Structure formats: structure tokens, C-alpha cells
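Observations on the three-dimensional arrangement
What follows is the residue order along each chain.
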Protein chains: 2
Amino acid sequence: MQADSVNNAATKQIITQVLNAWTAENKKVTDFFSKYADDVYMQEIAEGRNRAIYLLGHLVAVNDALLPLMGFGERLYPELEQPFLRSADRTTEHSYTVADLKQKWQEVNELLSTHFAKLEPSDWLDRHMSVSPEDFAKEPHRNRLNVILGRTNHQASHMGQLNLLHKHALAD
Amino acid sequence: MQADSVNNAATKQIITQVLNAWTAENKKVTDFFSKYADDVYMQEIAEGRNRAIYLLGHLVAVNDALLPLMGFGERLYPELEQPFLRSADRTTEHSYTVADLKQKWQEVNELLSTHFAKLEPSDWLDRHMSVSPEDFAKEPHRNRLNVILGRTNHQASHMGQLNLLHKHALAD
């Protein structure tokens, strides 16, 4: 795509809107995990389902994996992959506390924000690192911005589940 | 915003990507409600929480309300507002069946798609009907595209909750 086509006010505005939606979903997660005492998050979101601490670890691991996927470098916490991406809740032992995971959530998101702020519209429309240049030429929607659109919905989906804990916790 | 700034390949591509994400979330809901016998959707997504049929009615009512919000005309089913937007589940009596709501879901979404297909990039970046021209001049992100970004996340949030029924139903 030609640079003069990409660098225009409309494109910039829409990219900003997509990023604002991403940031808003991240903030919902941050706010949710700031609401109660840490032990509340050891509860399941519903009977027999994931605990809130597991979903937090899962969301940290997913955001951390954006670093290599977006071409920003290595993950900060690859050790989260086994307990929170490859394993269901309570099937891999780990010693992470809610406080640990909240700190990692903040660090990963701050690093992502720093990188995002440096990207130009043409970078957002460039390929992400899981698609080859050849495939990207055929499928130009497989760009960085699409990753953010997908991940925003993924976060919203888990936030919907976390909100079930909300009333649960209040009822205790 | 100048028309020559809006009508370019990059802007069109990003708008298409945002709409594809919206369509994908709608499809998840459609697929979910095509998976089981209708009586399964009378179950709660978790103990003491919303039933799946309520969430379906809720999502139909929310999408239906996009018609006036996007400036496409009146809602098809304003009667859904009371039981599914203004009332919590099981607090307003109604006689809608899962089959009724699935049909309304399809009709509303088809009508929205027809209208969406006619919009130009400049229409997507124009105000939605809940913001005045004066406020829109100060807050240009309050456009039609932003409504879709927000509603996509809203659907994803409820889809995350509906997915809890999934395993529940399988375990029955």
C-alpha cells in the first residue's frame, strides 16, 4: 500500500479508535483486579470453572505474547505459557500470587503501550510476525491492527466471565 | 474531514477489518444458538445467573437498537426493550421462545448488513444519532464506527459468558 494513502487523517483517526477500544478493555481488567482483596480472586467465576487468578494469568500471558507477535522483541515472562496458556486451571502447579500477576499485567501493558506509541499507520497495516511476507501479500488483513482487534474481543470475552465473579463476591 | 482524506485504500481496509470483527462475533452467537436443542438454552449460564435465552433476547434488542442509532430507521422489535434491556432475567414475563428470538436475531442482523454495505468510509466516520452535531464537532470519535467497536466488545463479553453454558450442557 502506498505511504501517501496510509498517512492521512482518517486512517490515523480509525487506528486511534481501535487502540482506544483495546486500552478500554485493558482498563476494565485492571479495574476489576483492583476492586477486591486478593483472596477474592482465588474464587471460581462459576462453580467448577476457571478461577479469576487463572484468567488474570491467562490474560497476562496472551498480552506478553503480543511482544514477539508484533515484532517488539521477546516475551517478558515466557514461564507463564505452561500454567496459563498450555494448561487448564489447577492442572499445572505454580506459585504465582494475584499480586505477582497484577504486577506483570501492568509491566507487560506499559511495555506494549510504549511500543504502540511509536508505530505509524503504515506499521499498523504491516504484517504481524506469524504471517510470512508471501502469505501477507495475498492476505493483507493479517496485519498488526487485526491482531489488536482480535485480542480486544478475547479480553472482552474473559471480562464478561470475570464479571460473574463480581456479584458472586458481593453475595459472600 | 475532507472527502479525499477519507476515501482511500487504507481507510477502506481498516473499516472492512473492523466490520469483519463485528461479523465474526455475530457469527459466534449464531453458531452457538444452532448447536443444541432449544431447551438447552433455557438453562442458566451459571448457577443463579442469566439464562442463555435471556442473553439471546438481550443481544437481539441491542442489535435492533443499532438501527435508529446508526440512522437506518426505527427498530424492528421495540417490544424487546422491556424484557431484555430494562429488566433482569426472569423479572418481566414474556412468551418469546428460543426459536422466536433466533429468527429475530437473523432478521435484525440481515437488515443491519444490508445498511452497512451501503455506507461509504465518510459515513462510518460521521456521527451516530445519539450525539449532536455540536458535540460531534468537539468529539469526532463519536462516529458510527466507534459504535460498532463498542458493540463488538459487548457481544464478545456475553459470548464469553455463553461459553460457560457450553461445557455445562455437555456435562448434562
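Residues numbered from 1 in each chain as written. Chains lettered and ligands numbered in written order. Predicted model: local features only at pLDDT ≥ 70, side-chain atom pairs only at ≥ 80, totals over all residues. Heavy atoms only, no water.

Tallied over the full model, the rule gives 18 salt bridges over all chains. With its nearest N and O atoms 2.6 Å apart, the salt bridge here joins A:Arg75 to A:Glu81. Note on A:Arg75: relative accessible area 29%, which makes it partly exposed. The shortest N-O distance in the salt bridge between B:Asp31 and B:Lys27 comes to 2.7 Å. Of this pair, B:Asp31 and B:Lys27 both sit in helix 2 (residues 9-32), four residues apart, roughly one helical turn. Ionic contacts of the salt-bridge type, sharing partners, join the residues A:Glu44, A:Arg51, A:Asp89 and A:Arg90 into one network. (Salt bridge = Lys/Arg side-chain N within 4 Å of Asp/Glu carboxyl O. Buried < 20%, exposed > 50% of the residue type's maximum accessible area, 1.4 Å probe, protein only. Helix = DSSP H or I, 4+ residues; strand = E, 2+ residues; numbered from the N terminus.)

Counting 94 residues, the largest nonpolar core has A:Phe116, A:Trp124, B:Phe116 and B:Trp124 as its most contacted members. Each residue touching B:Phe116, except ones within four places of it in the same chain, is listed here: B:Leu19, B:Trp22, B:Met70, B:Phe72, B:Trp124 and B:Ile148. (Core = buried A, V, L, I, M, F, W, Y, C linked by side-chain atoms within 4.5 Å. Contact = heavy atoms within 4.5 Å.)

Now for the packing of helix 3 (residues 52-64) of chain A against helix 6 (residues 98-118) of chain A. Residues and elements named next belong to chain A. Packing of helix 3 against helix 6 leaves a shortest axis separation of 9 Å and a crossing angle of 25°. The angle between helix 3 and helix 6 falls in the class roughly parallel. Relative to helix 6, the crossing made by helix 3 is left-handed. Contacts from Ile53, Leu56, Gly57, Leu59, Val60, Asn63 and Asp64 in helix 3 reach Val98, Leu101, Lys102, Lys104, Trp105, Val108, Asn109 and Leu112 in helix 6. Residues belonging to the contact of helix 3 with helix 6 are distributed by class as follows: nine nonpolar, three polar and three charged. (Axes fitted to C-alpha atoms, helices over the stretch in contact; angles between N-to-C directions. Parallel < 35°, antiparallel > 145°, perpendicular 65-115°, else oblique. Left-handed = near helix turned anticlockwise from the far one by under 90°. Nonpolar A, V, L, I, M, F, W, Y, C, P; charged D, E, K, R; others polar.)

Relative to chain B, chain A is turned by 180° and slid 0.0 Å along the rotation axis, the superposed coordinates differing by an RMSD of 0.0 Å. Between the two chains, the operation in question is that of a two-fold axis. For chain A, the residue whose C-alpha comes nearest the rotation axis is A:Ser157, separated from it by 2.0 Å. Of the residues that chain A buries at the interface, 100% are likewise interface residues in chain B, meaning the two copies contact each other through the same surface. (Least-squares fit on C-alpha atoms with pLDDT ≥ 70 in both.)

A word on empty space enclosed by the protein. The final tally for this structure, using the stated rule, is two cavities of 30 Å³ or more. Approximately 80 Å³ is the volume found for the largest cavity. If you trace the largest cavity, you find it lined by A:Val18, A:Ala21, A:Leu149, A:Thr152, A:Asn153, B:Val18, B:Ala21, B:Trp22, B:Ile148, B:Leu149, B:Thr152 and B:Asn153. Only helix 2 (9-32) and helix 9 (144-171) of chain A together with helix 2 and helix 9 (144-171) of chain B provide two or more residues apiece to the lining of the largest cavity. Ranked by residues supplied to the lining of the largest cavity, first place goes to helix 9 of chain B with four residues. Looking at the lining of the largest cavity residue by residue, the classes come out as eight nonpolar, four polar and no charged. Computed from the structure, the second largest cavity encloses a volume of approximately 30 Å³. Contributing to the lining of the second largest cavity are A:Arg51, A:Tyr54, A:Pro83, A:Phe84, A:Ala88, A:Asp89, A:Arg90, A:Thr91, A:Thr92 and A:His94. When grouped by side-chain class, the residues that make up the lining of the second largest cavity number four nonpolar, three polar and three charged. (1 Å grid on protein atoms, 1.4 Å probe; cavity = no way out; pocket = protein on both sides within 12 Å on 5 of 7 lines; lining within 4 Å. Points joined across faces, edges and corners; volume = space filled by probe spheres on them.)

In short, shape yes, function no, at least from these values alone.
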